[in-house]
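Examination of the molecular architecture
Here is how the chains run, residue by residue.
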Amino acid sequence: MWRRRLSALLPRSPCSSSAPSSYQQQHRHILLPTPNEKPLAPSLLRLFTSQAGSDGGRPFIAFILGGPGSGKGTQCTRIASDFGFAHVSAGDLLRNEISSGTDQGELILEIIREGRIVPSEITVELVRKAIESTTAKRVLIDGFPRCEENRIAFEKLTGTEPDLVVFFDCPEDLMVKRLLGRNQGRVDDNIETIKKRLKVFESLNMPVVNYYSSKGKAHKINATGTADEIFESVRKLFSSLSMQCPHFKYNRQ
Ligand SMILES: Nc1ncnc2c1ncn2[C@@H]1O[C@H](COP(=O)(O)OP(=O)(O)O)[C@@H](O)[C@H]1O
Ligand SMILES: O=c1ccn([C@@H]2O[C@H](COP(=O)(O)OP(=O)(O)O)[C@@H](O)[C@H]2O)c(=O)[nH]1
Ligand SMILES: [Mg+2]
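Residues numbered from 1 in each chain as written. Chains lettered and ligands numbered in written order. Predicted model: local features only at pLDDT ≥ 70, side-chain atom pairs only at ≥ 80, totals over all residues. Heavy atoms only, no water.

At a closest axis distance of 11 Å, the pairing of helix α8 (residues 172-180) and helix α9 (residues 191-214) adopts a crossing angle of 140 degrees. The angle between α8 and α9 places the two elements in the oblique class. Crossing geometry of α8 relative to α9 is assigned as right-handed. Here α8 contributes Glu 172, Met 175, Val 176, Leu 179 and Leu 180 to the contact with α9, which in turn contributes Ile 191, Ile 194, Arg 197, Leu 198, Phe 201 and Glu 202. Classifying every residue of the contact of α8 with α9 gives 8 nonpolar, no polar and 3 charged. (Axes fitted to C-alpha atoms, helices over the stretch in contact; angles between N-to-C directions. Helix = DSSP H or I, 4+ residues; strand = E, 2+ residues; numbered from the N terminus. Parallel < 35°, antiparallel > 145°, perpendicular 65-115°, else oblique. Left-handed = near helix turned anticlockwise from the far one by under 90°. Contact = heavy atoms within 4.5 Å. Nonpolar A, V, L, I, M, F, W, Y, C, P; charged D, E, K, R; others polar.)

Written as structure tokens, this is what we have:
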């Protein structure tokens, strides 16, 4: 299931920047709110009574999406530690490829430097391998899929959809401020590249969020405030899943 040939499965249109589609315009505001310890909507509850994460099946998969600097990585670290998830960062997988010094690494570096999206052939394969090689029963995929082409390629290659999508909603000015203060020496944390990444986020990442939202899978988290405050909303979401879904039992470590 995880080993289908990707090139044969890729949709025709590549992930290139464009004006928001009419689909995107129509579906912008239909995200599920974060639960306030309320019962999950029946459509979401059905997702968590599937066999994902149970013995012998594939792991429970959560896509963690949001603009650059919205706090995906920060919150993933906390979710991983409190709720027993493996943390797969698509950006880190790509940066590891750059460090390996291959031709593919050079191509990835150029694309990241320009704030564009790496071809699905590369990223989907890295993400698939990471999921396949973990023994964890729950996996966070941080910062992927970045565009509809990524999403379609992943779903076709793996024959699976995520069980949950979390979207960190953050105003642009706050994202810019956080990125400029990140200080990790990243080639893309400069104002010129940040502006490009924000455009890519609006035109290409948001349609993915809207797609999963229309399927009742996406939960929006207000990503302003301190990391602790945001994690409080995140904790409520994941706690409500663990309370209501038999296959989402977790062990606090
Ligand atoms: N709630 C927050 N308030 C202030 N700074 C934050 C917050 N969350 C994350 N940061 C900081 O902002 C920067 C970007 O956060 P990060 O988690 O890497 O975001 P992303 O993965 O979405 O790009 C990092 O330097 C991080 O320490
Ligand atoms: O699935 C992915 C994830 C990342 N990237 C590239 O890697 C960069 C950094 O991604 P990361 O998720 O690390 O950035 P963040 O949003 O966390 O700041 C992005 O701007 C893209 O150029 C990509 O092409 N596909
Ligand atoms: Mg990140």
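Moving on from the coordinates now.
On to the side chain of Lys 72. Along the chain, the position of Lys 72 falls in helix α3 (residues 72-83). With no salt bridge to any partner, buried Lys 72 finds its closest opposite charge in Asp 142, at an N-O distance of 5.2 Å. Reaching out from Lys 72, the side chain makes a polar contact with the backbone oxygen of Gly 67 at a distance of 2.9 Å. For Lys 72, the contacting residues outside a window of four places in its chain are Ile 64, Leu 65, Gly 66, Gly 67, Asp 142, Gly 143, Arg 146 and Phe 168. (Buried < 20%, exposed > 50% of the residue type's maximum accessible area, 1.4 Å probe, protein only. Lys, Arg positive; Asp, Glu negative; His and termini not counted. Salt bridge = Lys/Arg side-chain N within 4 Å of Asp/Glu carboxyl O. Polar contact = N/O pair within 3.5 Å; in protein donor to acceptor, adjacent residues only side chain to side chain.)

This model, assessed by the stated rule, comprises 1 cavity of 30 Å³ or more. Size it by volume and the largest cavity reaches roughly 60 Å³. What lines the largest cavity is simply Leu 65, Gly 66, Lys 72, Gly 143, Phe 144, Pro 145, Arg 146, Phe 201, Asn 205 and Val 209. At the level of secondary structure, the elements contributing two or more residues to the lining of the largest cavity comprise β1 (60-66) and α9. Element by element, the count of residues in the lining of the largest cavity is highest for α9, at 3 residues. A per-class count over the lining of the largest cavity returns 5 nonpolar, 3 polar and 2 charged. (1 Å grid on protein atoms, 1.4 Å probe; cavity = no way out; pocket = protein on both sides within 12 Å on 5 of 7 lines; lining within 4 Å. Points joined across faces, edges and corners; volume = space filled by probe spheres on them.)

Fair warning: the whole summary comes from geometry, so function is off the table for now.
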